[in-house]
Amino acid sequence: MKRFTNPVVLEKLSDRDKKHLWHPLTQHKTHPEMLGISKAKGAVLFDENDKEYIDGIASWYTCMYGHCHPYILEKVRAQMLRLDQVVFSGFTHEPAVKLSEELIKILPENQEKLFFSDNGSTSTEIGIKMALQYHFNQGEKRNVLLAFEEGFHGDTFGSMSVSGLSVYNGPFEDFFISVERIPVPTEKNIREVLTNLKERLKQEDIAGFIYEPLVQGAAAMKMHDANGLNQILALLKEDDVLTIADEVMTGFGKTGKYFASDHIQTKPDIMCLSKALTAGLVPMGLTTCTEKVYQAFYSDDISKGLFHGHTYTANPLACAAALSAVELLQTEGIQDNIQNIIKWHQEFDAKIKNHTKVAATRQLGVIYALDLNVKMERYGNLRDKLFNHFMENGVFLRPLGNTIYILAPFVTSQEQMEKIYSTIQSALDIV
């Protein structure tokens, strides 16, 4: 007798997801559906039904050389066959040493030492700890940190403390370290900001100043004045306040230079890096500093060391990915693509900036943002309507309230970029 079996019905990824997974920045009761992504290549994501989406934000500014770049995969695969993981306390390895040598060549010239960690939040957390302990090790009691209004530096407690977006911080603010905020510099306010800062510095209790140089990412790509920021940094250095450049978002070519700090004359004492550091392939964070900062921890007294560590510190595979990304960043092809995207943004801006639905536009490097002339909640129904419009048209963009921004991979083609632009233009008809 012939036996019949029921055909296997494959559940959608989104249905399987609901059983156990809890997603970031998500209220699951109001947004229960997650889109299943099955593969990615270059600037394109593919869902489980094989629909294509141009990745207009490089998956949170990480995959700047495109997804699954063959050169990066080749280098990481070779490393995987040689050394996968080893403790970085008491040991070292070629990928970490080589990466340090290559990064020092493109970092601002005052950066000398590199401290590895796991992600963007930990890189800023370590920068904060460096600033506080730098003064502690020298017998100074400086326990206040300075930060910009509306800054964002991550989700761990130190990085949350210095972040100024209450939508992320609300339940935890009673537990934060001591932080004071100043406005971002403009031509109109810089004199007042400097006057107030000079007066505040007289208390001699500020350990460090953490800032996103030129572009505040989570604050909807708000941009500020390089000259004003330079004056703030120069003043703080006179008082030995350590300056901490959070380049987690801006680093590695996005502003048209290797780092946003390259646009500014006064260089930071400490830099925080992640995201595009490993080209989006694997997680890793990096905090760099000057020799002066490092020397405050260099001592016969073991307690003066920076006792911070992560299990996957300087993971060899992550270092191999980062090393290949740094190599790609410096190639003529990638640098040409960056200049092309800058030009395309400028051409699009000329077409769109005077639209009645557009309140303002701004651009630095491959970062482009426009504000809609419409009141919207950061995570509201109209914002969701925009997001759905983009996805229906095969473009992945995540509006921040009434701000639509583009931060696509460096390898995005002109045709793909034109599709992003036209989809944004069509979105203006639905708001």
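Our subject is the structure that appears above.
What you are looking at is a predicted structure, and each value in this text was computed from that prediction instead of being measured.

Peer 1: Help me understand the pattern of salt bridges, please; the structure alone is not making it clear to me.
Peer 2: Where charged atoms from two side chains of opposite charge come close, those side chains can pair. Across all of its chains, the model carries 15 salt bridges by this definition. The shortest N-O distance in the salt bridge between E102 and K105 comes to 3.0 Å. Taken together, the positions of E102 and K105, both in helix 4 (residues 94–106) and three residues apart, correspond to about one turn of that helix. Residues E180 and R200 are paired through a salt bridge, measuring 2.8 Å at the closest nitrogen-oxygen approach.

Peer 1: Where do I start with the side chain of S274 in this structure?
Peer 2: Tracing the sequence through the fold places S274 in the loop between strand 11 (270–273) and strand 12 (285–289). With a relative accessible area of 6%, S274 lands in the buried category. Beyond its immediate sequence surroundings of up to four residues, S274 is in contact with N119, G120, V248, F252, M284 and G285.

Peer 1: What am I meant to see in the state of the cysteines here?
Peer 2: Covalently bonding the sulfur atom of one cysteine to the sulfur atom of another cysteine gives a disulfide. If you walk through the whole model with that rule in mind, you get zero disulfides. The thiol of C289 is unpaired, and the distance to the nearest cysteine sulfur, on C272, comes to 11 Å. By relative accessible area, C289 is classed as buried at 4%.

Peer 1: Mind showing me how you'd approach the packing of aromatic side chains here?
Peer 2: Aromatic rings in a pair are described by how distant their centres are and how their planes are angled relative to each other. Per the stated rule, a full pass over the model turns up twelve aromatic pairs. Ring centres of F209 and Y211 lie 5.1 Å apart, and the angle between their planes is 15°; on these two criteria the pair is classed as stacked. Per residue, the accessibility class of F209 equals that of Y211, and both read buried. Measuring from centroid to centroid gives 4.3 Å for F348 and Y421, while their planes differ by 10°, and the two rings are stacked. A residue pair is termed long-range when its members are at least 10 positions apart, and F348 in helix 12 (residues 332–352) and Y421 in helix 14 (residues 414–427) qualify at 73 residues. Site record: aromatic cluster; members linked through ring pairs are F148, F209 and Y211. For the cation-ring pair, K39 lies above F46, with the distance from its terminal atom to the ring centre recorded as 5.1 Å. In this structure, K113 is placed above the aromatic ring of Y294, and the distance from its NZ or CZ to the ring centre is 4.5 Å.

Peer 1: Quick question: what am I supposed to make of the sheet that holds strand 12 here?
Peer 2: In sheet architecture, strand pairing relies on hydrogen bonds along the backbone and comes in two forms, parallel and antiparallel. On the basis of which strands lie adjacent, the open sheet formed by seven strands has the order 4-12-11-10-7-5-6 and mixed pairing. This sheet does not close on itself; its edge strands, each paired only once, are strand 4 (113–117) and strand 6 (179–182). The average undirected angle you get between the axes of adjacent strands in this sheet is 20°. Relative to strand 11, strand 10 (residues 242–246) is paired through three bridges, and the arrangement is parallel. Paired with I244 across the strands is I270, a residue of strand 11. Its contacts with the sheet put helix 4 on strand 4 and strand 12, and the angle it makes with strand 4 is roughly 125°. On top of the sheet, helix 5 (residues 120–136) reaches strand 4, strand 5 (144–148), strand 7 (206–211), strand 10, strand 11 and strand 12; it is set at about 180° to strand 10, its chief contact.

Peer 1: So what exactly am I meant to see when it comes to unusual backbone geometry here?
Peer 2: Residues apart from glycine generally show negative phi values, whereas peptide bonds are mostly found in trans. Although it is not a glycine, A220 adopts a positive phi angle of roughly 75°. Topologically, A220 is positioned in the loop between strand 8 (215–216) and strand 9 (222–223). Not every positive phi belongs to a glycine, and M221 is a case in point at roughly 55°. Relative to the helices and strands, M221 is located in the loop between strand 8 and strand 9.

Peer 1: Sorry if this is basic, but what is going on with the environment of P70 here?
Peer 2: Examined against the element boundaries, P70 turns out to sit in helix 3 (residues 70–80). Given the relative accessible area of 53%, P70 is considered exposed. Spatially, the C-alpha atom of P70 lies 9.7 Å from that of K41, the residues being 29 residues apart in sequence.

Peer 1: Is there a simple way to think about the pairing of strand 3 (residues 52–55) in this case?
Peer 2: Working note: regular strand, side chains alternate between the two faces of the sheet. Both strand 2 (residues 44–47) and strand 3 contribute to a ladder of three bridges, which runs antiparallel. Residue L45 lies in a different strand from strand 3, and its bridge partner there is Y53. Between strand 2 and strand 3, which pair antiparallel and follow one another directly, the connecting turn spans four residues, one of which, D50, has a positive phi of 70°. In this structure, strand 3 lies alongside strand 15 (residues 395–396), joined through two bridges in parallel fashion. In the sheet register, D55 faces strand 15, and the bridge partner there is F396.

Peer 1: What exactly am I supposed to notice about helix 5 here?
Peer 2: Between its terminal C-alpha atoms helix 5 stretches 25 Å, which fits the 24 Å expected from 17 residues at 1.5 Å a residue. Taken across its 17 residues, helix 5 has 14 buried, putting it largely inside the fold. A side-chain oxygen of the first residue of helix 5 lies 3.0 Å from the backbone nitrogen of S121; this N-cap is N119.

Peer 1: What exactly am I supposed to notice about the sheet that holds strand 14 (residues 367–372) here?
Peer 2: Taken in spatial order, the three strands of this open sheet run 13-14-16, and their pairing is antiparallel. Edge positions in the open sheet fall to strand 13 (358–364) and strand 16 (403–406), since each of these has one partner strand only. Averaged over all pairs of adjacent strands, the angle between their axes in this sheet comes to 15°, without regard to strand direction. Against the sheet, helix 12 contacts strand 13, strand 14 and strand 16, and its axis sits at roughly 15° relative to strand 14. Helix 14 contacts strand 14 and strand 16 of the sheet and is inclined by roughly 175° relative to strand 16.

The rules we used
- Residues numbered from 1 in each chain as written.
- Predicted model: local features only at pLDDT ≥ 70, side-chain atom pairs only at ≥ 80, totals over all residues.
- Heavy atoms only, no water.
- Salt bridge = Lys/Arg side-chain N within 4 Å of Asp/Glu carboxyl O.
- Helix = DSSP H or I, 4+ residues; strand = E, 2+ residues; numbered from the N terminus.
- Buried < 20%, exposed > 50% of the residue type's maximum accessible area, 1.4 Å probe, protein only.
- Contact = heavy atoms within 4.5 Å.
- Disulfide = S-S within 2.5 Å.
- Phe/Tyr/Trp six-rings, centres within 6.5 Å; stacked < 30°, edge-to-face > 60°.
- Lys NZ or Arg CZ within 6 Å of the ring centre and 35° of its normal.
- Pairing = 2+ DSSP bridges.
- Axes fitted to C-alpha atoms, helices over the stretch in contact; angles between N-to-C directions.
- Expected span 1.5 Å × (residues − 1).
- Polar contact = N/O pair within 3.5 Å; in protein donor to acceptor, adjacent residues only side chain to side chain.

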